[in-house]
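What follows is each chain in one-letter form.
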Amino acid sequence: MNHSFEEKINRRGTNCYKWDAMEKNFGRDDLIAMWVADMDIPTPPFVMNALRCKLDEQVMGYQRTDPDWAPAVCRWQHRRHRWDVTPEMLTFVPGVVRGQAYSVLCFTNPGDKVLVMSPVYHPFFLVTEGFNREVVFHSLTLRDGHYHVDFDRLREDIRGCKMMIFCNPHNPGGRVWTREELEQIARIACEENVLVFSDEIHADLTLAGYTHIPFATVSADAASRTITFSAPSKAFNMPGIGSSYAIIVNPELNEKFQSFMEHGEFSEGNTLSYVGTIAAYNEGEEWLQDLCRFIDSNIDFTAGYLERNMPQVSMIRPQASYLIFLDFRKLGLEQEELVKLMIDKAGVAMNSGTMFGPEGKGFMRLNAGCTRAQLSEALERIAAAVNSLS
């Protein structure tokens, strides 16, 4: 195991949103930050070394797209996900949420209906509503400890929609969708002629026993209507350099999106974003395997801790990523009471479940991408707060 994952890093005072924006968001700055989805572990040394080498050139002037960027992305997608992507299919975007915004603007019009599967990462609906599109919520079904799609209801909900924004793997539930599920979603999208925006930013953090399947690869129909977004930012803990990209197989959709991006000059990356991506994808395989084992061990620890110390709290075990959706519903608290308990009694900053939609009532999202010591302290505080209720 890579021992740097247990290295304690003080991120306070670095303009780090996760730690330095707590007072603004929670009213206190003395909490343990277990909310924003980046990790409290070092960005890997091969990425940092590549960035330092670039900085040593001493001039941060205008630069062209690094010619090694697209081949590095294509090789990574082939090795990691068995997807044969070509450079022509790629468009740089400065972040997946920005990619969502650009896609909504490019492929839909004000008043168009856009479907999201709730609970889900909140910008899916907030950004869409902000551009005056109508969000249609399809409620996922929590069954046997994981979220599932009710396909009969999806057929009804998706009718009349122009686009569906799909989380693959799912956030906050950590679900890795099966091929059968993806094929069914693709068939329904095809029947209703709906474009699919597939957010696959957590794909590289798929954990042992599960396999990520890019949505666009499940059928020719899926490939023809999917706009896929991914990035090394979650897996290699480098979201601060804005290093995302779109993959569009359909030439017509691809041309339309690239034209939109180029006309707005949205698709020009900064120098460090190209360098960081190339280093991550060319040198990061072994490091990432270690990281996924470390995350799995933190998830095991969390599950065991809950069972031993607060059995009234359960969790949706993630199949991908370090984000854990904790289930506090047995406490019988209103959401405001639950949030207040976590802030005032536990002293732990987590995302309220209702941030992801009404289906998140009674839940809190915990970020386990941190040292075991930090995770243990947070769980101890949560247990003390929960057990104080009785």
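Details of the structure are given in the entry above.
Described in the following lines is the structure provided in the data block.

**Some points on the overall build of the chain**
Okay, so step 1: Scanning the chain for helices and strands turns up 14 helices and 15 strands.
Okay, so step 2: Relative to the 2.2 N^0.38 estimate, which gives 21 Å for 390 residues, the radius of gyration of the chain is 21 Å and therefore close to what a compact globule would have.
Okay, so step 3: The dimensions of the chain, computed from C-alpha atoms along their principal axes, are 60 × 55 × 40 Å.
Okay, so step 4: Of all 390 residues assigned to the chain, the portion counted as buried reaches 58%.

**Quick look at the side chain of Lys234**
Okay, so step 1: Within the secondary structure layout, Lys234 lies in the loop between strand S9 (226–230) and strand S10 (244–248).
Okay, so step 2: Of the side chains with opposite charge, Asp38 comes closest to the buried, unpaired Lys234, at an N-O distance of 7.5 Å.
Okay, so step 3: Aside from chain neighbours lying at most four places away, what touches Lys234 is Ala37, Met39, Ile201, His202, Leu205 and Tyr322.

**Considering the pattern of salt bridges**
Okay, so step 1: Within this structure, the stated rule accounts for 21 salt bridges.
Okay, so step 2: As a salt-bridge pair, Glu285 and Arg80 come within 3.5 Å of each other at their nearest N and O atoms. Residue Glu285 is found in helix H12 (residues 285–309), and its partner Arg80 is found in helix H4 (residues 69–81); the two are separated by 205 residues along the sequence.
Okay, so step 3: With a shortest N-O distance of 3.6 Å, Lys361 and Glu334 are connected by a salt bridge.

**A word on the pairing of strand S2 (residues 90–93)**
Okay, so step 1: Here S2 shows no split at all, with Leu90 and Phe92 on one side and Thr91 and Val93 on the other all buried.
Okay, so step 2: In this sheet, S10 lies alongside S2 in antiparallel orientation, the contact comprising 4 bridges. Bridge pairing in S10 links Thr91 to Ala246.

**Topic: the state of the cysteines**
Okay, so step 1: As enumerated under the stated definition, the model contains 0 disulfides in all.
Okay, so step 2: Here Cys16 stays unpaired: no disulfide links it, and the sulfur of Cys370, its closest cysteine neighbor, is 13 Å away.
Okay, so step 3: Free of any disulfide, Cys190 has its nearest neighbouring cysteine sulfur in Cys161, separated by 15 Å.
Okay, so step 4: Relative accessible area serves as the criterion here: at 25%, Cys190 is assigned to the partly exposed category.

**Some thoughts on the packing of aromatic side chains**
Geometrically, a pair of aromatic rings is defined through the distance of the ring centres and the angle of the planes.
Okay, so step 1: For the structure shown, the criterion picks out 28 aromatic pairs.
Okay, so step 2: A centroid spacing of 5.1 Å and a plane angle of 50° characterise the contact between Phe92 and Tyr274, whose relative ring orientation is tilted. With Phe92 in strand S2 and Tyr274 in helix H11 (residues 271–283), this residue pair connects regions lying 182 residues apart in the sequence. An identical accessibility class is assigned to Phe92 and Tyr274; each is buried.
Okay, so step 3: Ring pairing ties together the aromatic residues Phe5, Phe46, Trp69, Trp76, Phe92, Phe236, Tyr245, Tyr274, Tyr281, Trp287 and Phe294, which thus form one cluster.

**A look at the sheet that holds S9**
Picture the strands of a sheet paired through backbone hydrogen bonds; they go either parallel or antiparallel.
Okay, so step 1: Ordered by their spatial adjacency, 7 strands build an open sheet running S2-S10-S9-S8-S7-S3-S4, and the pairing between neighbours is mixed. Two strands lie at the open edges of the sheet, namely S2 and strand S4 (134–139), each paired on one side alone. In this sheet, adjacent strand axes meet at a mean angle of 25° when their direction is disregarded.

**Observations regarding H11**
Okay, so step 1: Counted at 1.5 Å a residue, the expected span for H11 with its 13 residues is 18 Å, and the 18 Å between its end C-alpha atoms agrees.
Okay, so step 2: Buried residues of H11: Thr271, Ser273, Tyr274, Val275, Gly276, Thr277, Ile278, Ala279, Ala280 and Tyr281, and no others.
Okay, so step 3: Between a side-chain oxygen at the N-terminus of H11 and the backbone nitrogen of Leu272 the separation is 3.0 Å; the capping residue is Asn270.

**Topic: the sheet that holds strand S15 (residues 363–367)**
Okay, so step 1: Read across the open sheet, the 4 strands follow the order S11-S12-S15-S14; overall the sheet is antiparallel. This sheet does not close on itself; its edge strands, each paired only once, are strand S11 (314–316) and strand S14 (351–352).
Okay, so step 2: With respect to the sheet, helix H13 (residues 335–346) is in contact with S14 and S15, its orientation differing from that of S15 by roughly 30°.

Procedures and definitions
Residues numbered from 1 in each chain as written. Predicted model: local features only at pLDDT ≥ 70, side-chain atom pairs only at ≥ 80, totals over all residues. Heavy atoms only, no water. Helix = DSSP H or I, 4+ residues; strand = E, 2+ residues; numbered from the N terminus. Rg over C-alpha atoms; globule rule 2.2 N^0.38 Å. Buried < 20%, exposed > 50% of the residue type's maximum accessible area, 1.4 Å probe, protein only. Lys, Arg positive; Asp, Glu negative; His and termini not counted. Salt bridge = Lys/Arg side-chain N within 4 Å of Asp/Glu carboxyl O. Contact = heavy atoms within 4.5 Å. Pairing = 2+ DSSP bridges. Disulfide = S-S within 2.5 Å. Phe/Tyr/Trp six-rings, centres within 6.5 Å; stacked < 30°, edge-to-face > 60°. Axes fitted to C-alpha atoms, helices over the stretch in contact; angles between N-to-C directions. Expected span 1.5 Å × (residues − 1). Polar contact = N/O pair within 3.5 Å; in protein donor to acceptor, adjacent residues only side chain to side chain.

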